[in-house]
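Spelled out, the chains give:
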Amino acid sequence: MIYVCVPVHNEARTAGLVLWKVRQVFTAFPREYQLLVLDDASTDHTREVLASYAKVLPMTIVAHRERRGYARSLEELLRLALQRTDRPKRDCAITLHADFVHSPESMEDMVKHLESGADLVVAELVEQRGRVSRALGLARRWTPRLLRVAGLRDTVSGFLALRRIVLRQALRRDTTQFLQTEGWCASAELVARLAPHARRLDAVPAAARYDLVQRPSRVRPWRQLLEAWRARSVIRAARTVVALLLIAVGLHAQSDTAPRTDSTRADSAGVPSMAAMAIVTPPVAVPFLVGERLVYGARYGPFSVGTATMQVAGIDTIRGVEAVHFVFLIDGGALWYHIHQNLESWVGRHDFRSRRFLNQTEERGKAWERKFEIYPDSGFYREAGRDTTVATVADPLDDAAFLYWIRTVPLEVGKRYEYRRYFRPERNPVIVEVLKRERVGVAGKKWDAIVVRPRIPNGGGIFAEKADARMWLSDDSLRIMLALQSKFSFGQVTLKLKQIDSIKENAASPPEHP
C-alpha cells in the first residue's frame, strides 16, 4: 500500500486537481494507494473541494480547527499512515504538496526506486519551470546548502517517498514531537531524521512547477534564510544519529595471494591484468561491525573548529554485489572560513574493493561534487558527468575506504609499505610509514597507539603529500582511529576521538592482511 500524504491549507484552486492527478498516475502505473489529506484550518473553499473528491477517491480527510503549521500537519499524516499499515517493510508513504510545485508524475519514478531496494527516495527539484522573485530564488538556492544531508543536493523539496519501517525506526528515538522546525527547515529535518535508518537513500530529479502554482508563495525569503541558519544545529544533530537497530553483520576482507578466475591482458599504462586482479579467497573477519560510529572533535591549534564522524552506515547492493557503506563527514570552520566535506564509500562486503565513491565538499563558500562508479571486476571506473571510462587497479580503494582498510593490515614499527590500491592508477602508490608507538588520551581514557603516516604522493585530499597526514590507530585488535592530523589550505587540523557508539570491544577477531 502506498499512502500519499498531502497537507493542505487554503489550496482550493489546486488541491482537487492535484488529487485527481495522483489518481491518474496510479491508473497508468497500477499500484494500491490511499490518499491521506490534512486540512490545516483552511479559510477558503478547500474543505468543500476535498469533500467532493473524497466521494470518488480512496481518501481520508483529517481537519484541524486551528492552524498548526506544515510540520505538525505532515508529522500527523505520517503517524497516521504508520498506524494503518500492518506491513511496514513493504508499505510506503509519499509526501506531496497540494499547490502543484510537486509534479505527481514523479511519483512513478520514486516508487520504482523503492521497489528496486531503496528505503528513502528524495525528489530533488533541480529544474525550475516558471518565474519566481529573485529573493525567493536565492533563498531556494542557499537554504539546502545550510541544511545539508549526506548524498543530497536538495534537502528542502519536501517531496519524498519512504518505507514505513524507516519512519518506525526513527520514531523509536523521537517519540514526542518529531519535527522541531517549520517550513523548508522541516523538510530538511525530516530527511535528516529518516536518512540514518535507511539502508539506501536515492535521489531522483524533478521539476519545481512554479508555472502551475495559483497563489503567491508563503515563503518570506530572508526570514527563511535566517530560520535555516538557526536550524543548522537541529539538522546536524539529526543527521548524525545512527540507526542502532541495524543488524551487526560482520564485514569481510580478502587475501591478495590466492588465484583468480578472470583473465584479460594488461594495458599499456601498466594496470595489472585481470588474471592478476581476480583473486578469490575465503573472507577474513575485520575489526568493525555495521553500526560502528566514531565521533571526533576537530581542533585548529587551541580552537575547537568543528566535528567529524566516521560510521559503518549499512549494507547496500551495488550492481548486484553486497557493499558496505562507509561515511566520513567533516563539518567545521572559524571566522571567515568554513568547510563541509562528505566522503562516502561503498566497498564490496566480501572482497573489500571500492564500487562507488562520493566526495561532496564546500569550502570558502564554493561547493563541488565528484562521484565515481568503480567496476573492479571489469577493470575500469567512470566519473559522473563524463562518458569515458578509465582503467583502474586490481583491488581499488578510495579515500574513505582507505580509513577502514588500514585497520585490517599488519603494521610493524619502523617499516614502510607501498600499496597500489588507489582506484586512480596515476595517483599510486599509497605509502604508509609506521613511525612509532605512543600513549594517547582520547574519548575519556588512555590508549596504546600506533602512529602512521599515510600519503598519496601523486594525489590530493587529506592524504596528499602536502597534507603531511598522521594517523593514530589503537594498538589492539580493533585498530580504531584515535586521531587524524592533516593540513588544509588554511592550516593544520587535528581530529581526536570523543565518542564511540555501537561497538563491541571484543566482537572482532584480530585483523589479518586482506
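Coordinates for the structure precede this section.
Residues numbered from 1 in each chain as written. Predicted model: local features only at pLDDT ≥ 70, side-chain atom pairs only at ≥ 80, totals over all residues. Heavy atoms only, no water.

## Brief notes about empty space enclosed by the protein
Line of reasoning, step 1. In the structure shown here, the tally under the stated rule is five cavities of 30 Å³ or more.
Line of reasoning, step 2. Empty space within the largest cavity amounts to approximately 80 Å³.
Line of reasoning, step 3. In this structure, the largest cavity is lined by Leu 397, Asp 398, Asp 399, Phe 402, Trp 405, Tyr 419, Arg 421, Tyr 422, Val 430, Ile 456 and Phe 463.
Line of reasoning, step 4. Sort the elements by how many residues they give to the lining of the largest cavity and helix H10 (residues 399-405) lands first, with three residues. (1 Å grid on protein atoms, 1.4 Å probe; cavity = no way out; pocket = protein on both sides within 12 Å on 5 of 7 lines; lining within 4 Å. Points joined across faces, edges and corners; volume = space filled by probe spheres on them. Helix = DSSP H or I, 4+ residues; strand = E, 2+ residues; numbered from the N terminus.)

## Re the packing of aromatic side chains
Line of reasoning, step 1. Summed over the entire model, instances satisfying the criterion amount to 14 aromatic pairs.
Line of reasoning, step 2. Here the aromatic rings of Phe 372 and Tyr 381 are separated by 6.0 Å at their centres, their planes lie at 65°, and the arrangement is edge-to-face.
Line of reasoning, step 3. Using a relative accessible area of 7% as the deciding quantity, one classes Tyr 381 as buried.
Line of reasoning, step 4. By the ring-pair criterion, three or more aromatic residues cluster together here, those being Phe 357, Phe 372, Tyr 381, Tyr 422 and Phe 423.
Line of reasoning, step 5. Across the ring face of Phe 178, the terminal group of Arg 193 is positioned such that the distance to the ring centre comes to 6.0 Å.
Line of reasoning, step 6. Looking at Lys 445, its charged tip hangs above the ring of Trp 447, at a distance of 4.2 Å from the centre. (Phe/Tyr/Trp six-rings, centres within 6.5 Å; stacked < 30°, edge-to-face > 60°. Buried < 20%, exposed > 50% of the residue type's maximum accessible area, 1.4 Å probe, protein only. Lys NZ or Arg CZ within 6 Å of the ring centre and 35° of its normal.)

## Comments concerning the sheet that holds strand S5 (residues 120-129)
Line of reasoning, step 1. Strand order in the open sheet formed by seven strands is S3-S2-S1-S4-S6-S5-S7, with mixed pairing between adjacent strands. In this open sheet, the two strands that pair with only one neighbour each are strand S3 (59-64) and strand S7 (201-209). The average angle at which neighbouring strand axes cross in this sheet is 20°, direction not considered.
Line of reasoning, step 2. As judged from the four bridges shared by strand S4 (residues 92-95) and strand S6 (residues 160-163), these two strands associate in the antiparallel manner. Residue pairing across strands places Thr 95 opposite Leu 160, the latter belonging to S6. (Pairing = 2+ DSSP bridges. Axes fitted to C-alpha atoms, helices over the stretch in contact; angles between N-to-C directions.)

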